[in-house]
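Examining the three-dimensional arrangement
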Amino acid sequence: MPDLPLSPATRLVAGGRPAHQPGASLNAPVELTSTYVAGAPVNYARVDNPTWRAFEEVLGELEEGSALAYASGMAAISAALSLAPVGAVVVAPHHAYNGTGALLAELAEQGAVQVRRVDIADTDEVLAALDGAALLWTESPTNPMLEIADLPTLFAAARERDVVSVCDNTFSTPLLQRPLELGADVVVHSVTKFLSGHSDVLLGAAITADEGLRERLHTHRTLRGAIPGPMETWLALRGLRTLHLRLERSCANAAVLAERLREHPAVQRVRYPGTGAIVAIEPVGGRDAAERVEQAVRVWTPATSLGGVESLLERRRRHPAEPPTVPEQLVRLSVGVEDVEDLWRDLDRALSD
């Protein structure tokens, strides 16, 4: 990386590359090995890999911390939750990624943690719940309700109470929000989503500026085998290079669609925080209407993921893990980079059928 002040867009393109030497490769190679010759700090590939380091360099620079790649977003989430001592209290949102909620429920059932669920947008409620807690889990915007938390206030309060604070930054990416700068201790991502951006990789990441926490996260990854494949990491790095371009287009499309959907007679509510590429709508007619929209679209794809170049939508309550407070008719839209007029015509027709 050049020793110059660089914008995030330039860091995405320039970071994690080999030194500029005549005849050298422009791109970091895929390091396919399980074993290293003895005599160096790393002697086995479960501990480290040069391809991981290239990806981690770029993401760490963006989030202003030190990054670790994991086999999946859930692997990164599991590592971050392991920072809570056995039996400790974890404060978590009512609405969050349902994999996080399912893991917390399983840990609570096993007696590994006690979970206090809160409305993350109600700052006073969260502050009250932090007393006696060990870890605060946040999402903002939340998945799929798109609620917004006062993250600087929550992170400051957590630090005052010696509570480790974690933020799942998958929806925002470090281009829209950098939780470590806001006071968080750890950031996690499902790299599968916006960061890699092409719906072809399973990968996760955790980032922290605290060396002690990083060592614990690294140990968790190594001892539990939650390591990514070099090829998957290389693909994620290749996708990361265009994050700024993809996100700019997706966010612009989402803003146009959210404005038009608010005026659509077949939509009773639009959830959109004013930025980002995720929009949630509640069609008039409840669950049946939402399912008809899923079946009627042709440009949009009914699918459970998000953050790729293609536009996806789904009725979230079709997943048993979603809490009952998520409306039956809520349809989450992950807006891609297609022509916005094509996206609108398809969605308008599906809503009007």
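Provided above is the structure to which this section pertains.
Presented here is an overview of the structure given in this document. Predicted model, so just to flag it, every value in this text is computed and none were measured.

Right, let's get into the pattern of salt bridges. One pass over the full model with this rule turns up 21 salt bridges. In this structure, Glu61 and Arg11 form a salt bridge, with 3.5 Å as the shortest nitrogen-oxygen distance. Of the two residues, Glu61 sits in helix α2 (residues 50–63) while Arg11 sits in helix α1 (residues 8–14), which places them 50 residues apart along the sequence. When its relative accessible area of 32% is taken as the criterion, Glu61 is described as partly exposed. Across the salt bridge formed by Arg221 and Glu56, the nearest N and O atoms sit 3.0 Å from each other. A residue pair is termed long-range when its members are at least 10 positions apart, and Arg221 in helix α9 (residues 211–223) and Glu56 in helix α2 qualify at 165 residues. Taken together, the shared-partner salt bridges in this structure form one network comprising Glu294, Glu314, Arg316, Arg318, Glu322 and Arg332.

Strands sit in the order β8-β9-β12-β11-β10 across an open sheet of five strands; the sheet is mixed. Strands at the two margins of the open sheet, each flanked by one partner only, are β8 (267–271) and β10 (301–302). With four bridges joining them, β8 and strand β9 (residues 278–283) adopt antiparallel strand pairing. Bridge pairing in β9 links Val270 to Ile281. Set on the sheet, helix α11 (residues 243–262) makes contact with β8, β9 and β12 (331–334); between it and β8 the angle comes to about 150°.

Bringing the nonpolar core into the picture now. Of all hydrophobic cores here, the largest spans 51 residues; its most connected members are Phe55, Val91 and Leu136. Not counting residues within four places of it along the chain, the set of residues in contact with Leu136 comprises Val91, Val126, Leu130, Leu154, Ala158, Val163, Val164, Ser165 and Val166. The next biggest cluster of nonpolar side chains, apart from the first, holds 26 residues, and it includes Ala75, Leu135, Val188 and Leu217.

Turning to unusual backbone geometry, a few remarks are in order. In this model, Ser140 is joined to Pro141 through a cis peptide bond whose omega is 0°. With respect to the helices and strands, Pro141 occurs in the loop between β4 (135–139) and α6 (151–160). Cis geometry is adopted by the peptide bond preceding Pro144, which originates at Asn143 and carries an omega value of 5°. Here Pro144 lies in the loop between β4 and α6. Phi is positive for Asp162, which is not a glycine, with a value near 60°.

The seven strands are arranged β1-β7-β6-β5-β4-β2-β3 in an open sheet whose pairing can be described as mixed. A strand with exactly one partner marks an edge of an open sheet, and here the two such strands are β1 (66–70) and β3 (113–118). Between one strand axis and the next, the sheet turns by 20° as a mean value, whatever way the strands run. Bridging between strand β2 (residues 88–93) and β3 involves six bridges; their strand directions are parallel. If you follow Ala88 over to β3, its bridge partner there is Val113. Strands β1, β6 (186–190) and β7 (204–208) of the sheet are contacted by α2, whose axis makes an angle of about 130° with β1.

As a further point, take α2. One turn of the α-helix equals 3.6 residues, which is why residues spaced by three or four share an orientation. Across its 14 residues, α2 extends 20 Å between first and last C-alpha, which sits within 8% of the 20 Å expected from 1.5 Å per residue. With ten of 14 residues buried, α2 is to be regarded as a mostly interior element. Among the residues making up α2, those that are buried are Thr51, Trp52, Ala54, Phe55, Glu56, Val58, Leu59, Gly60, Leu62 and Glu63. The N-terminus of α2 is capped by Asn49, whose side-chain oxygen sits 2.7 Å from the backbone nitrogen of Thr51. Immediately downstream of α2, the backbone of Glu64 shows phi near 60°, a positive value.

Cut-offs applied
- Residues numbered from 1 in each chain as written.
- Predicted model: local features only at pLDDT ≥ 70, side-chain atom pairs only at ≥ 80, totals over all residues.
- Heavy atoms only, no water.
- Salt bridge = Lys/Arg side-chain N within 4 Å of Asp/Glu carboxyl O.
- Helix = DSSP H or I, 4+ residues; strand = E, 2+ residues; numbered from the N terminus.
- Buried < 20%, exposed > 50% of the residue type's maximum accessible area, 1.4 Å probe, protein only.
- Pairing = 2+ DSSP bridges.
- Contact = heavy atoms within 4.5 Å.
- Axes fitted to C-alpha atoms, helices over the stretch in contact; angles between N-to-C directions.
- Core = buried A, V, L, I, M, F, W, Y, C linked by side-chain atoms within 4.5 Å.
- Expected span 1.5 Å × (residues − 1).
- Polar contact = N/O pair within 3.5 Å; in protein donor to acceptor, adjacent residues only side chain to side chain.

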